[in-house]
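# Coordinate inspection notes
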Amino acid sequence: MIYHTTDAPLTVGSKVTIKATVVDSKSAKVNTGKVIFTVNNVKIGEANVKNGVSSLSYVVPESWLKSKLSVKANYVASGNYLSSSYSSTGIFKISKGKV
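The present account deals with the structure reproduced in this document. Nothing here was measured: the structure is a model prediction, and the numbers come from that model.

The next point concerns the overall build of the protein chain. Each helix and strand counted, the protein chain has zero helices and nine strands in total. Order of helices (α) and strands (β) in the protein chain, N terminus to C terminus: β-β-β-β-β-β-β-β-β. Out of the 99 residues belonging to the protein chain, those deemed buried represent 30%. Long-range contacts, defined as pairs at least 24 residues apart, comprise 51% of the intrachain contacts of the protein chain with a sequence gap of at least 6.

Shown next, in the form of structure tokens:
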């Protein structure tokens, strides 16, 4: 699952935190590996997994205003776990904000 944790409306230049939950086939929280986050097929960063969560803070660029966003979290194989991915489209509502 991918979600963002910013309560306020997102505006260009604001910071959003994107989180991905990472659990195994028995729903146990994963504590190893990393997640690579992409938006519209562009890598925006990566973060380690701890206690079943990987999170990344990112400043909202103006280019996100003009497109329907496709956010993807790719878990990189680690230890006993295989790689996996999850994607979601349109989880952000972004405005230009005050100029």
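Estimated volume of the largest pocket: approximately 280 Å³. Considering the residues around the largest pocket, the lining is formed by 18 residues, among which Thr-21, Val-22, Val-23, Tyr-75 and Ser-84 are closest to the centre. Grouping the constituent residues of the lining of the largest pocket by class yields eleven nonpolar, six polar and one charged.

Before going further, it helps to spend a moment on the environment of Val-12. Note on placement: Val-12 falls in the loop between strand E2 (10-11) and strand E3 (15-21). Placed 82 residues apart in sequence, Val-12 and Ile-94 show a C-alpha to C-alpha distance of 7.2 Å. Those residues in contact with Val-12 that lie beyond four places of it in its chain are Val-60, Pro-61, Glu-62, Leu-65, Ile-94, Ser-95 and Lys-96.

Judged by nonpolar contacts, the single largest core of 20 residues is most densely connected at Val-35, Phe-37, Ile-44 and Trp-64. Among the secondary structure elements, those contributing two or more residues to this core are E3, strand E4 (34-39), strand E5 (42-48) and strand E7 (70-76). Excluding anything up to four places from it in sequence, Trp-64 contacts Val-16, Val-39, Ile-44, Tyr-58, Leu-69 and Ile-94.

A few words on the sheet that holds E4. Spatially, the four strands line up as an open sheet ordered E5-E4-E7-E8, and their pairing is antiparallel. The open sheet terminates on both sides in strands that have one partner only, identified here as E5 and strand E8 (84-89). Ignoring which end each strand starts from, the neighbouring axes of this sheet average 20° apart.

Below, the discussion takes up unusual backbone geometry. Its identity is not glycine, yet Ser-27 carries a phi of approximately 65°, on the positive side. Mapping Ser-27 onto the fold places it in the loop between E3 and E4. By relative accessible area, Ser-27 is classed as exposed at 58%. The phi dihedral of Asn-41 is positive, around 65°, even though this residue is not glycine.

This model, assessed by the stated rule, comprises one aromatic pair. Ring geometry for Tyr-58 versus Trp-64: centroids 5.6 Å apart, planes at 20°, classification stacked. Tyr-58 gets classed as partly exposed once you look at its relative accessible area, which sits at 25%.

Rules and cut-offs
Residues numbered from 1 in each chain as written. Predicted model: local features only at pLDDT ≥ 70, side-chain atom pairs only at ≥ 80, totals over all residues. Heavy atoms only, no water. Helix = DSSP H or I, 4+ residues; strand = E, 2+ residues; numbered from the N terminus. Buried < 20%, exposed > 50% of the residue type's maximum accessible area, 1.4 Å probe, protein only. Contact = heavy atoms within 4.5 Å. 1 Å grid on protein atoms, 1.4 Å probe; cavity = no way out; pocket = protein on both sides within 12 Å on 5 of 7 lines; lining within 4 Å. Points joined across faces, edges and corners; volume = space filled by probe spheres on them. Nonpolar A, V, L, I, M, F, W, Y, C, P; charged D, E, K, R; others polar. Core = buried A, V, L, I, M, F, W, Y, C linked by side-chain atoms within 4.5 Å. Pairing = 2+ DSSP bridges. Axes fitted to C-alpha atoms, helices over the stretch in contact; angles between N-to-C directions. Phe/Tyr/Trp six-rings, centres within 6.5 Å; stacked < 30°, edge-to-face > 60°.

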